[in-house]
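# Fold and contact review
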Amino acid sequence: MEDVRIYVHIPFCKSKCQYCDFNSYDNKNYLIDSYINCVLDEIDIQYSTIKNRNITSIFLGGGTPSYLKPHLIRSILHHLPFDRNTEVTIEVNPGTIDRDKLESYLDMGINRISFGVQSLNDQLLRLMGRVHTRETALSNIKMAKEVGFTNISADLMMGYPLQSFEIYEETLHTMIELDMQHLSCYSLKVEENTPLDRMIKRKMLPEPKDELDRKMYHFTERILKENDILQYEISNYARKGFECKHNMGYWELDEYLGFGISAHSYFKGKRFHNTESITDYIHDIKEKRLTRFDEEVIDANESRKEFIILGLRLNKGLNIEKFNEKYDSDFMNDYKTAIEKCLKDQVISIKNNVVVLTKLGKDFANSVFTEFM
Ligand code: SF4
């Protein structure tokens, strides 16, 4: 039986964060029930496709899935044929859960929680427009442990305007003390037309500083390694055996199907995504219509590019033998010019038939990827 991964997008949030450009709403609660019914219908429409597949991971992302009443989450999982070997993750924002919700998540088969912590500094959290405080984040994570979750992750942000190194350092140290299994530490990207972008353009906030972001990044790599939380992808760190299987699937070009608005899929050699409009989505699904956008056949050339970029993002690197086998080619010869330049610039290294980004290469990852394109 072939594997497949499932992503379900839940686009509702308690309030909108200042930096957010995800497809999420804080003013459409009246659509929650119809939206979830449509997600169930969309799964039903695709059921014949997924029933013959082994679902290796399910990721309930958003938005804020934990903002919904648990019976709605349960109804989605009831529609998906998964078993106890499936990694089932829910994204949770502190301040939107309680003990009952956590207990019911465990009961319905969710075995991994990803907390959107971002920072543990109250001033910074207010500036970001987050709904939680340091206290809420810490108590929610402790509660998840008490309830019985043994695979807990947190997202942290680096390089936010007015976020000093000391603020980030304190947050990271506290997360280490909490004995987390997994951390995702992302650099802020200021997205066009977000409130944060407007504040920076009006000089109400300073621009993020690259050097500070890099300092935070190098500190993260070092301090987490010292605490046995190892980097396995540019922004992701885990204790041994707790790497996120779902995301590894994306990076290793496994097939996945996305449900809900904006959800992306890579299935049977094609990439496509659902509509971004919640009203169009509800309308189409009620008419039993699945509309795919930007459908693109991933030919061998495109697939090679993705294999290289995604492989280089991972700490275990790009396996030359696997590449040659998969594409019936000679990597060292086909990419001779790029390889020579990157080795000369010391942004990659090659050992035991595996290409990895060096420390310098991770700082300039996008330029390295461009060399290979
Ligand atoms: S909680 Fe996440 S999805 Fe919701 S507004 Fe904030 S950043 Fe965006």
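For the structure, see preceding data.
Below or above, wherever it landed, is the structure these notes cover. (Residues numbered from 1 in each chain as written. Predicted model: local features only at pLDDT ≥ 70, side-chain atom pairs only at ≥ 80, totals over all residues. Heavy atoms only, no water.)

## Quick look at the site of the ligand
- The ligand sits among Cys13, Ser15, Lys16, Cys17, Tyr19, Cys20, Phe22, Ser24, Gly63, Thr64, Asn93 and Arg130.
- Taken together, the residues of the shell around the ligand sort by class into 5 nonpolar, 5 polar and 2 charged. (Near = heavy atom within 4 Å. Nonpolar A, V, L, I, M, F, W, Y, C, P; charged D, E, K, R; others polar.)

## Side note on the packing of aromatic side chains
- Tallied over the entire structure, the rule returns 16 aromatic pairs.
- Here the aromatic rings of Tyr35 and Tyr281 are separated by 5.4 Å at their centres, their planes lie at 45°, and the arrangement is tilted. Here Tyr281 lies in helix α10 (residues 278-286) and Tyr35 lies in helix α1 (residues 32-50), a separation of 246 residues in the sequence.
- What makes Tyr35 buried here is its relative accessible area of 0%.
- Seen from their ring centres, Tyr335 and Phe372 are 5.9 Å apart, and the 45° between their planes marks the pair as tilted. Taken together, the residues Tyr335 in the loop between α13 (331-334) and α14 (336-344) and Phe372 in helix α16 (residues 365-372) connect sequence positions 37 residues apart. The two residues Tyr335 and Phe372 agree in class, both being buried.
- An aromatic cluster is built from Phe307, Phe323, Tyr327, Phe331, Tyr335 and Phe372, whose rings are joined through pairwise contacts. (Phe/Tyr/Trp six-rings, centres within 6.5 Å; stacked < 30°, edge-to-face > 60°. Helix = DSSP H or I, 4+ residues; strand = E, 2+ residues; numbered from the N terminus. Buried < 20%, exposed > 50% of the residue type's maximum accessible area, 1.4 Å probe, protein only.)

## Some points on the sheet that holds strand β15 (residues 354-357)
- Pairing is antiparallel across the open sheet formed by 3 strands, whose spatial order is β13-β15-β14. Only two strands of the sheet have a single neighbouring strand rather than two, namely β13 (318-319) and β14 (348-351).
- Two strands pair when backbone bridges link them, and β13 and β15 are joined in this way by 2 bridges, in the antiparallel orientation. Each residue of the ladder has a partner; that of Asn319, found in β15, is Val354. (Pairing = 2+ DSSP bridges.)

## A few points about the side chain of Lys362
- With respect to the element layout, Lys362 can be found in helix α15 (residues 359-363).
- Judged by its relative accessible area of 15%, Lys362 is buried.
- Leaving out residues up to four positions away in the same chain, Lys362 has contacts with Arg214, Tyr217, Glu221, Gln231, Asn315 and Leu357. (Contact = heavy atoms within 4.5 Å.)

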